[in-house]
Amino acid sequence: MKLLQAFLVALIFKISLAAPNNETEARSFVTKASDRYYNLYNKIAAETYSSIDDEDFEEIFKKLNNVKTISQELVEISQDAAEFDLSKIKDPQLKRALRKLRKVGNLFVLGEDYFSSFLLNLNSLKSLSTDKDIEPYLGGINMPDQDDSAIAYYPDIQKIYETSNDANELKYYWETWRERNSIWASVNFYTTIEGIQKAAEISEQPVLELYYNQYENKDFLKEMEKVMVEIMPAYKELHAFVRHELHKKYGSDVVDPNGPIPDHLFEQVLSQAWKEGSVIESYFPFKELPPYDGFVKKYDAKKVLQEAQQFYKSLGFSDLEADFVKDQLKEHDESTNIGDCRADIFDLTPKVYMKYCPKVDFKKFMQMHGYISRIHYAQEKKNLPAYFFNSYDLEYPVGEAVILSACTPKHLQAIGLANDFTFTDKTLMNRLFRMGIHTILNVPQFFVHSKVVHDLLNNTVDMEGANKHYWKLMQHYVGTEPPSDREEGSIDFPYKFYMDLEQNYQTKKFVSEILGYQFYRAFCQKAGQTGQLHNCDFYKNHAVGNDLKSMMSLGSSKSWHEVISKVLDKPDISGDALLEYYAPIIGWVKSLNRQNKLKIGWNDSKKKVL
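A quick note: this is a predicted structure, and the numbers were derived from the prediction, not measured. (Residues numbered from 1 in each chain as written. Predicted model: local features only at pLDDT ≥ 70, side-chain atom pairs only at ≥ 80, totals over all residues. Heavy atoms only, no water.)

Student: Looking at this model, I keep getting lost on the pattern of salt bridges. Mind explaining?
Tutor: Think of it this way: side chains of opposite charge can pair up when their charged atoms draw near. Under the definition given, this model contains 27 salt bridges. Between lysine 68 and glutamate 112 there is a salt bridge whose closest N-O contact spans 3.5 Å. Taken together, the positions of lysine 68 in helix H3 (residues 57–82) and glutamate 112 in helix H5 (residues 112–127) put the pair 44 residues apart, joining distant regions of the chain. Its relative accessible area of 19% is what places lysine 68 among the buried residues. Here lysine 100 ties to glutamate 216 by a salt bridge, and the two come within 3.1 Å at their closest N and O atoms. With lysine 100 in helix H4 (residues 92–102) and glutamate 216 in the loop between helix H8 (207–211) and helix H9 (220–250), the pair connects residues that are 116 residues apart, well separated along the chain. (Salt bridge = Lys/Arg side-chain N within 4 Å of Asp/Glu carboxyl O. Helix = DSSP H or I, 4+ residues; strand = E, 2+ residues; numbered from the N terminus. Buried < 20%, exposed > 50% of the residue type's maximum accessible area, 1.4 Å probe, protein only.)

Structure representation (structure tokens):
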């Protein structure tokens, strides 16, 4: 029922006026629109949340029809807002409100096509990763008694990538999953792209303005490109190190020491960043990492949530609201989750509903610190008019910043979790290196995924050339290549490419990672922290909390740059904070690369992509 969550994240209200043009009518319009939202909110939000796990088809169908009605109302409100002549509106906030209301129809302007086609395409793309339609690799070197039942990419094949050191096995799964899903993926993906283009045409706005609406900047990709320029020298150093280690492991027949990294092995490196046997094992053994899971072994899921909430309270945030704890906070039924259990958060400000994972490990402990940021963001912006509830997705980089602080040795010792463990310089470097592989190697992929969709929407590249364009970008920005020649008609995007495609998820991930480090550094500076950035903890600092609350309370009532200026002196995304955070490992890698006389960068791939 996650589709229902997506449907209702939009504003829920209906007001209809005819050709109004004066400020008095405009003010009345936006006020009634916001009031209507509040009147409808509690009933619809609570009703929908209670049915998330409902498997009764008739009940689900009824909810879907309710959403269809709401979607029609949203389209009407956007059309009504468009009737106002903005040139006659002098009040800048009123003008901003009307501009916001013009956008609330979003993809709902597709009408019945949204439900009968667009959503089905999205759901089909998401199911590509969980459909059990891949025959297991039976030529493996580790599992002679392997079960031959069909498996899915997530979580089955993903787990194999986390443990396997068999290049042939990894190549098999890379190729087989794409070959099995090529036609289905291309049809549904292309139809989704066309749906977004059609929605922009119907709503009479540039398609990139629609797609980057969250950032109020149709040229937002240019901001991302600047970040890529900043981080590429450091990225190439880490890439050269990883390629060298893979070359030592698999030989020249598998890895060209001067070329791009085969994509299946690049995925292996990312999947094994926090596993034993990763490419840095000979330098920083897994067994010498801190016993992170052991730090939280005495916690249950509720204690994890309470500890995360305590971090925000230490910054001066209020406790979680009683209604939230009593009626809107639930524990997941573990049997409903496959693979890695994750929290579900249903954000309909001013209320937020959350189902958290009953499993407990250090990863869940850190994730909870990020999840709670969304609860507090909703509480801080709830007094705004409904049309300003959008928060530019800033709750995600806020969560990243808090996680960076909460995972530091300094913080773990401050709250008593790591009192019996000594963090040596080598231990700190081990931790930092694994974090760097997970973060630095992922960021360019988020960019490429964003740019592929950007270029397709903007007709810079056509559908037939999408795969060739994808590999051109992957070679240029990521330094990877397909493990084999790719035939005409192939579509080689990874499963995560399709996640929440209509919500521009890959751009959101890029921004969350980059801006998260910027927020973290700003909070550390505000807290007067000295020393290396990667061990800064701003816990218990009310000045940081005040800056955070000041930003959160604005929602989207001000522009993107004005909102983040409450935290950042220079309100633009930049890679410099990320580079400062990982400076120790980049310096170490550069020195080792010089000793090994490695090529920094890569030659063109010899693989053919038709």
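Student: In this structure, what is going on with the packing of aromatic side chains? I would like to understand it.
Tutor: The geometry of an aromatic ring pair comes down to the distance between the two centres and the angle between the two planes. This model, assessed by the stated rule, comprises 56 aromatic pairs. For the pair phenylalanine 311 and tyrosine 312, a centre-to-centre distance of 6.3 Å together with 65 degrees between the ring planes defines the contact as edge-to-face. Assigned by exposure class, phenylalanine 311 and tyrosine 312 land together as buried. Every member of this aromatic cluster is reached through a ring pair, and the members are Phe311, Tyr312, Phe317, Tyr517, Phe519, Tyr520, Phe523, Phe538, Tyr539, Tyr581 and Tyr582. The positively charged end of lysine 303 is found above the aromatic ring belonging to tyrosine 299, 5.7 Å away from the centroid. Geometry around phenylalanine 317 places lysine 549 over its ring, the cationic atom sitting 5.6 Å from the centre. (Phe/Tyr/Trp six-rings, centres within 6.5 Å; stacked < 30°, edge-to-face > 60°. Lys NZ or Arg CZ within 6 Å of the ring centre and 35° of its normal.)

Student: Would you mind going over empty space enclosed by the protein with me for this structure?
Tutor: Empty space among the atoms becomes visible once a probe the size of a water molecule is rolled across them. The tally for this structure, following the rule as stated, stands at three cavities of 30 Å³ or more. Space inside the largest cavity adds up to approximately 70 Å³. If you go around the largest cavity, the residues you meet are Ala301, Val304, Cys341, Arg342, Ala343, Cys357, Lys359, Lys364, Gln367, Met368 and Tyr371. Counted by class, the lining of the largest cavity contains seven nonpolar, one polar and three charged residues. Roughly 50 Å³ of internal volume is contained in the second largest cavity. Contributing to the lining of the second largest cavity are Tyr211, His449, Ser450, Val453, Phe497, Met499, Asp500, Leu501, Asn504, Tyr505, Gln506 and Thr507. (1 Å grid on protein atoms, 1.4 Å probe; cavity = no way out; pocket = protein on both sides within 12 Å on 5 of 7 lines; lining within 4 Å. Points joined across faces, edges and corners; volume = space filled by probe spheres on them. Nonpolar A, V, L, I, M, F, W, Y, C, P; charged D, E, K, R; others polar.)

Student: Explain the sheet that holds strand E3 (residues 344–348) here, please?
Tutor: Within a sheet, each strand pairs with its neighbour through backbone hydrogen bonds, oriented either parallel or antiparallel. The strand order E2-E4-E3 describes an open sheet built from three strands, whose pairing is mixed. What marks the edges here is a single partner per strand, and that holds for strand E2 (329–331) and E3. Pairs of neighbouring strands in the sheet enclose a mean axial angle of 10 degrees, with direction left out of account. Against the sheet, helix H14 (residues 362–381) engages E3 and strand E4 (351–356), with an angle of about 165 degrees to E4. (Pairing = 2+ DSSP bridges. Axes fitted to C-alpha atoms, helices over the stretch in contact; angles between N-to-C directions. Contact = heavy atoms within 4.5 Å.)

Student: When you look at the layout of surface pockets in this model, what are you seeing that I'm missing?
Tutor: Of the volumes computed, that of the second largest pocket is approximately 330 Å³. Surrounding the second largest pocket, 14 residues form its lining, Arg521, Gln525, Leu568, Asp569 and Lys570 being those nearest its centre. Of the residues contributing to the lining of the second largest pocket, the split by class is four nonpolar, three polar and seven charged.

Student: Would you explain the pairing of E4 in this entry?
Tutor: For a regular strand, side-chain orientation follows a simple rule: the groups alternate between the two sheet faces. Along E4, five of the six residues are buried, which leaves the element largely enclosed by surrounding structure. Of the pairings in the sheet, the one linking E2 to E4 comprises three bridges and is parallel in character. Its bridge partner lying in E4, lysine 330 is registered against lysine 355. Note that E3 and E4 share five bridges and pair antiparallel. Paired with phenylalanine 346 across the two strands is tyrosine 353, which belongs to E4. A loop of two residues connects E3 with E4, the two strands running antiparallel in sequence.

Student: Just to check I follow, could you spell out the nonpolar core for this structure?
Tutor: Most often, soluble globular proteins keep nonpolar side chains buried together rather than apart. Core analysis: the biggest nonpolar cluster contains 193 residues, and Phe189 and Phe519 have the highest contact counts within it. In terms of residues, this core owes the most to one element, H9, which gives 14 residues. In this structure phenylalanine 189 touches Leu125, Leu456, Ile491, Phe493, Phe497, Tyr498 and Leu501, once residues within four positions along its chain are discounted. (Core = buried A, V, L, I, M, F, W, Y, C linked by side-chain atoms within 4.5 Å.)

Student: Whenever I open this one, the environment of leucine 94 confuses me. Can you help?
Tutor: Tracing the chain through its elements places leucine 94 in helix H4. Dropping the residues within four chain positions of it, leucine 94 is found in contact with Glu23, Ala26, Arg27, Val30 and Ile89.

Student: Quick question: what am I supposed to make of helix H17 (residues 425–440) here?
Tutor: One full turn of an α-helix is made of 3.6 residues, so residues set three or four places apart face in the same direction. For H17, spanning 16 residues, the distance from its first C-alpha to its last is 21 Å, which sits close to the expected 22 Å at 1.5 Å a residue. For H17, the buried fraction is high: 13 of the 16 residues fall into the buried class. (Expected span 1.5 Å × (residues − 1).)

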